[in-house]
Amino acid sequence: MTSTASPPDSSPTTAATPAARRRSVTAAMCACVLVAQSLVAAMNLAIPKIAASGLHPSPAQLLWIVDTYVLVFAGLLIPAGALGDRPPRLKRRGGTPMAARACC
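Summarised in this report is the structure supplied together with it.

Cut-offs applied
Residues numbered from 1 in each chain as written. Predicted model: local features only at pLDDT ≥ 70, side-chain atom pairs only at ≥ 80, totals over all residues. Heavy atoms only, no water. Helix = DSSP H or I, 4+ residues; strand = E, 2+ residues; numbered from the N terminus. Buried < 20%, exposed > 50% of the residue type's maximum accessible area, 1.4 Å probe, protein only. Areas by Shrake-Rupley, 256 points an atom, 1.4 Å probe, with all protein chains shown as cover. Axes fitted to C-alpha atoms, helices over the stretch in contact; angles between N-to-C directions. Parallel < 35°, antiparallel > 145°, perpendicular 65-115°, else oblique. Left-handed = near helix turned anticlockwise from the far one by under 90°. Contact = heavy atoms within 4.5 Å. Disulfide = S-S within 2.5 Å.

Details of the overall build of the chain
Thought 1: Looking only at helices and strands, the chain has four helices and zero strands in total.
Thought 2: Shown N-terminal to C-terminal, the secondary structure of the chain runs as helices and strands in the order α-α-α-α.
Thought 3: Within the chain, the fraction of its 104 residues that count as buried is 7%.
Thought 4: Surface exposure of the chain reaches about 8,900 Å², of which carbon and sulfur atoms provide 71%.

Here it is in structure tokens:
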């Protein structure tokens, strides 16, 4: 059996150069780290409001609240990254805007 399909076109106009691809991946990773760090910082900024709430948590309880948020966030971030690495990636592009909206 022989295949009559031609190889995909790999001209420089259709494929990104390896250096450009590395830069774009690095930029995307930096943006993801910045978002993750800012979400944890936002929780720390909410501590005074949580402390002034009707629950009146003690300092130890505030520490547990913040640590629980960070642990749950990290616990969900790792499987989400693994899920994003599975093929086919193109079908899941709609999930990124939904995840971004869920974080806000």
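A few points about the packing of helix 1 (residues 18-45) against helix 3 (residues 59-84)
Thought 1: Remark: helix 1 packs on helix 3, axes separated minimally by 10 Å, with the N-to-C direction vectors making an angle of 160°. When the axes of helix 1 and helix 3 are compared, the pair comes out roughly antiparallel. As for how helix 1 packs across helix 3, the hand of that crossing is right-handed. On helix 3, the residues that touch Ala 36, Leu 39, Val 40, Met 43 and Asn 44 of helix 1 are Ile 65, Val 66, Tyr 69, Val 70, Phe 73 and Leu 77.

Structural notes on the state of the cysteines
Thought 1: Using the criterion set out here, one finds zero disulfides in the structure.
Thought 2: Among the cysteines around Cys 30, which has no disulfide bond, Cys 32 carries the closest sulfur, lying 9.3 Å off.

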